[in-house]
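Each chain, written out:
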Amino acid sequence: MSNIEVRLSPRLMRGFPLGQCMAEAVLSFRSVQHRHALPAPTLFKPWAKRAGPGIVGLSLDLYEGCVLGLIGPNGAGKTTLLRMMAGVLPVQKGKVESRFDTDVWQPVDDLRQWVGHMPEQVRWQGRTTVHEALSQLGEMRGTSETKIERLLALVGLRSRRDDALDNLSQGMRQRLSIAAALLGSPKVLLLDEPFNGLDPVAAEAFAALVRTLASKGVSVVISSHMVAQLEGLIDRIGLLHRGQLLDEGPLEDVERRLGLEGRYTITGEGAADISSFAPDEDVLERHQDDDGWSLTVKRDPKSVLSAAVDADVNITSWAPVRPNLVEWLCAATGMSVDDISLEVASSAMLPMRTVEVGEDE
Amino acid sequence: MSDRKRIVNVAARIRKERLSGIRLKIMLPILLLFLPGMAWGFSDPNIVLPGGHQPDTAMEVLFYASLGVVFGATMCAVLMAFDGVSKDRASGMLEVRLAQPMPRQHQATALILGHAQSILLPVYALLFASVLVVRFRMGEWPGVTEVVVYALSTGLVVFWYTLFALLASTSAREQGTAIAFGIGVWFFFTFLWALVTTMVAYASGVAVGEANDPAWVALEGMLDLLSPNGVYHHLLETQLPSVDRGVAAWQSWLAALLWTVLPWWALHRRMERLVP
């Protein structure tokens, strides 16, 4: 039995299969900032405002053909960052450069010509038809009628082109939103919580569409607070918290930096002496009942699996365990879950462990 | 596609959407009653107005019928445009529009033109009907200059209220506030302005309401330059030689220019800074 060799493919070891990321940076944000203006009335200045939370000192590169997953809790600044990237909110400080058309970096005055933006939850409504709604936006971009028809086909709305917006389901409205984002053949596609309201079938179709676009060289940024939804879709991950980018990079690199790599769940049937093949120091979590057992280990699974086979236990599955949002944030900030959850409610800004930015306004 | 063509096309889409909406169908009877309806009433050969006055020229009838514009058309302009921005903001469409590579200034221009056209088209159609009614009832055509000034000044006052409503719409976070602001402005200039005039006259020591007192007439005339409705009537009065309230024609046209340029500028500035 001991001569059985367990081989795990690199793809299975990573858990998040890579797309065809060309890894050529095309858009660069350097120390960018946008802080929301909050009312701060005084006796003599009733309309006075002060700088509130937002995005502070954030640097980020977007790569051609890469899908970046931007994760963070509610209020982390994901939507604000996407709106900055879309040119909807101004970049108050910092530098934005691109090299979409040339090999040299050039300052970008207006991001909107390069970027397609799909905001979170657009409520398409009214008696306007799907085609008319898209044409109206196409008019603002100078998009041809042929292109609009192609987009409707791409997102699966060709058969509904003459339906009123009021008659669309939530999933169809999401499809229309992505068609609107794709109107100008963007180099960068920003998707803000795109899976909201999608059923699993629609979500899978949506993910396939994102992968297709990435394979054509479109740089995609997806924001979400549901990490599991991004599994299998993203090439890079960015952790956003309180307006600051805590870490960003290829998934395995970030995992390694934060000590979250190499965790596996092994399950089996029947009774088993777990300590005989998995030393206690490697076991992060264990569970055993009449139906079987499961354990989460933090070490190379090959040796555990080999030991388990040697111990003649009945293994039913093993799989890598992906960190969830809370684990990512705890690892990145060095804070506890309680501290993080309390922080989300606060609008104060404190320096994070990996980014040192102070209040400057 | 040139910028100008793009603005015209976007405005045309807004106009089409508004013209085909239920809202206009609801407002049409109001406009019918207030525009050709008033022209019909004031062109009655037997009409006697307060003070025993009888309108005896076509332009004079159109001047009195302009009350319908002040009460009806301007209110319809506000009702047409109050949600021009706030509705899109509430639905999330504003963010989609602002993300398009059309400069915000151009978007603002298209927004104004689209909404203004959607109310001006029915108003102009009914103004034309009013002129026909006056001709039918009095057997007299108004002069070409009179009609041009009447149409131009009516277009301007409707345009101003469209700008006010859109301006309110950009500031309001929800539609109730937008309509309250728009109707509030309309109510203030249409119904409460007389109260403002009276208060200023009282504070200035001018006898209030003395129609034959030159001081009262001059004060009222000057204060009317601060109201869009007042400027509208000043513009119409440039075609009524019998009326002299101490305001020269150039002052009226200058005030009209300011009432056009300032809200236009304010709305464009708001759009530049608009946050979804």
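Residues numbered from 1 in each chain as written. Chains lettered and ligands numbered in written order. Predicted model: local features only at pLDDT ≥ 70, side-chain atom pairs only at ≥ 80, totals over all residues.

1. What to know about the overall build of chain A
And then number 1: Along the backbone of chain A there are ten helices and 14 strands.
And then number 2: Counting across all 361 residues of chain A, residues that qualify as buried make up 39%.
And then number 3: Once local pairs closer than 6 in sequence are excluded, the contacts in chain A between residues at least 24 apart make up 72%. (Helix = DSSP H or I, 4+ residues; strand = E, 2+ residues; numbered from the N terminus. Buried ≥ 20, exposed ≤ 12 C-beta atoms within 10 Å, placed from the backbone. Contact = placed C-beta atoms within 7 Å.)

2. Quick word on the confidence of the model for chain A
Residues and elements named next belong to chain A.
And then number 1: With 87% of its residues at a pLDDT of 70 or more, chain A has an overall mean of 81.
And then number 2: When the criterion is pLDDT under 50, residues 1-20 qualifies, and its contacts beyond four places in sequence or with other chains add up to 28 contacts.
And then number 3: Contacts for the low-pLDDT stretch residues 344-361, under 50 throughout, to residues beyond four places or in other chains number 33 contacts. (pLDDT = per-residue confidence, 0-100.)

3. Examining helix 2 (residues 22-34) of chain B
Residue and element names in this part refer to chain B.
And then number 1: Taking 1.5 Å per residue as the helical rise, helix 2 with its 13 residues ought to reach 18 Å, and the 19 Å between its terminal C-alpha atoms agrees with that figure.
And then number 2: Where helix 2 bends most, at Leu 28, the angle is about 30 degrees, and the proline Pro 29 comes one to four residues later.
And then number 3: Here helix 2 has its buried residues at Met 27, Leu 31 and Phe 34.
And then number 4: Here the buried face of helix 2 lies against helix 3 (36-42), helix 4 (58-81) and helix 7 (104-138). (Expected span 1.5 Å × (residues − 1). Bend = angle between axes of the 7 residues up to and from the residue.)

4. Considerations on the sheet that holds strand 11 (residues 263-269) of chain A
Residue and element names in this part refer to chain A.
And then number 1: With antiparallel pairing, the four strands of this open sheet are ordered in space as 12-13-11-14. Of all strands in the sheet, those bounded by a partner on one side alone are strand 12 (283-288) and strand 14 (314-320). Taking the axes of each pair of neighbouring strands and ignoring which way they run, one obtains an average angle of 15 degrees across the sheet. (Pairing = 2+ DSSP bridges. Axes fitted to C-alpha atoms, helices over the stretch in contact; angles between N-to-C directions.)

5. Considerations on the nonpolar core
And then number 1: Ranked by internal contacts, the top residues of the largest apolar core, which has 150 residues, are Ala 179, Leu 190, Val 220 and Val 221 of chain A together with Ala 77 of chain B.
And then number 2: Here this core gets 16 residues from one element, more than from any other, and that element is helix 4 of chain B.
And then number 3: In this structure Ala 179 of chain A touches Leu 134, Leu 151, Leu 152, Val 155 and Leu 157 of chain A, once residues within four positions along its chain are discounted.
And then number 4: With 14 residues, the next largest nonpolar core counts Tyr 264, Ile 266, Phe 277 and Ala 278 of chain A among its residues. (Core = buried A, V, L, I, M, F, W, Y, C linked by C-beta atoms within 7 Å.)

6. A word on the interface of chain B and chain A
And then number 1: Chain B puts 19 residues into the contact, and the matching count from chain A is 22 residues.
And then number 2: Broken down by secondary-structure element, the contributors of at least two residues to the side of chain B that touches chain A are helix 1 (3-19) and helix 6 (93-98) of chain B.
And then number 3: Here the side of chain B that touches chain A is composed, by residue class, of ten nonpolar, four polar and five charged. (Nonpolar A, V, L, I, M, F, W, Y, C, P; charged D, E, K, R; others polar.)

7. Examining the pairing of strand 13 (residues 292-298) of chain A
Residues and elements named next belong to chain A.
And then number 1: By the alternation rule, side chains of strand 13 split into Trp 293, Leu 295 and Val 297, which are all buried, and Gly 292, Ser 294, Thr 296 and Lys 298, of which none is buried.
And then number 2: Strand direction decides the pairing type here: strand 11 and strand 13, joined by seven bridges, are antiparallel. In the sheet register, Glu 269 faces strand 13, and the bridge partner there is Gly 292.
And then number 3: Bridge count for strand 12 against strand 13 is five bridges, and the pairing is antiparallel. Its bridge partner lying in strand 13, Val 283 is registered against Val 297.
And then number 4: Here strand 12 folds back onto strand 13, and the loop between the two strands holds three residues.

8. Some points on the packing of helix 8 (residues 144-171) of chain B against helix 9 (residues 175-204) of chain B
Residue and element names in this part refer to chain B.
And then number 1: Packing of helix 8 against helix 9 leaves a shortest axis separation of 8 Å and a crossing angle of 150 degrees. Handedness of the helix 8/helix 9 crossing: right-handed. Each of Tyr 161, Phe 164, Ala 165, Ala 168 and Ser 169 in helix 8 lies in contact with helix 9, whose residues at this interface are Ala 178, Phe 181, Gly 182, Val 185 and Trp 186.
And then number 2: Split by residue class, the contact of helix 8 with helix 9 holds eight nonpolar, two polar and no charged. (Left-handed = near helix turned anticlockwise from the far one by under 90°.)

9. Some points on the environment of Ser 317 of chain A
Residues and elements named next belong to chain A.
And then number 1: Mapped onto the elements, Ser 317 comes out in strand 14.
And then number 2: A residue is classified by how many C-beta atoms lie within 10 Å of it, and Ser 317, with 9 of them, is exposed.
And then number 3: Remark: the alpha-carbon pair of Ser 317 and Glu 269, spanning 48 residues in sequence, is separated by 9.8 Å.

10. Looking at the environment of Leu 157 of chain A
And then number 1: Within the secondary structure layout, Leu 157 of chain A lies in the loop between helix 4 (145-154) and helix 5 (170-181).
And then number 2: Sequence separation between Leu 157 of chain A and Arg 173 of chain A is 16 residues, and the spatial gap between their C-alpha atoms is 9.7 Å.

11. A word on unusual backbone geometry
All names here are of chain A.
And then number 1: A positive phi angle, near 50 degrees, is found at Ser 31, a position not held by glycine.
And then number 2: Tracing the sequence through the fold places Ser 31 in strand 1 (residues 25-39).
And then number 3: On the basis of neighbour count, Ser 31 is assigned to the partly exposed category, with 13 C-beta atoms found within 10 Å.
And then number 4: Positive phi outside glycine occurs at Arg 242, with the angle close to 50 degrees.
And then number 5: Along the chain, the position of Arg 242 falls in the loop between strand 9 (236-241) and strand 10 (244-250).

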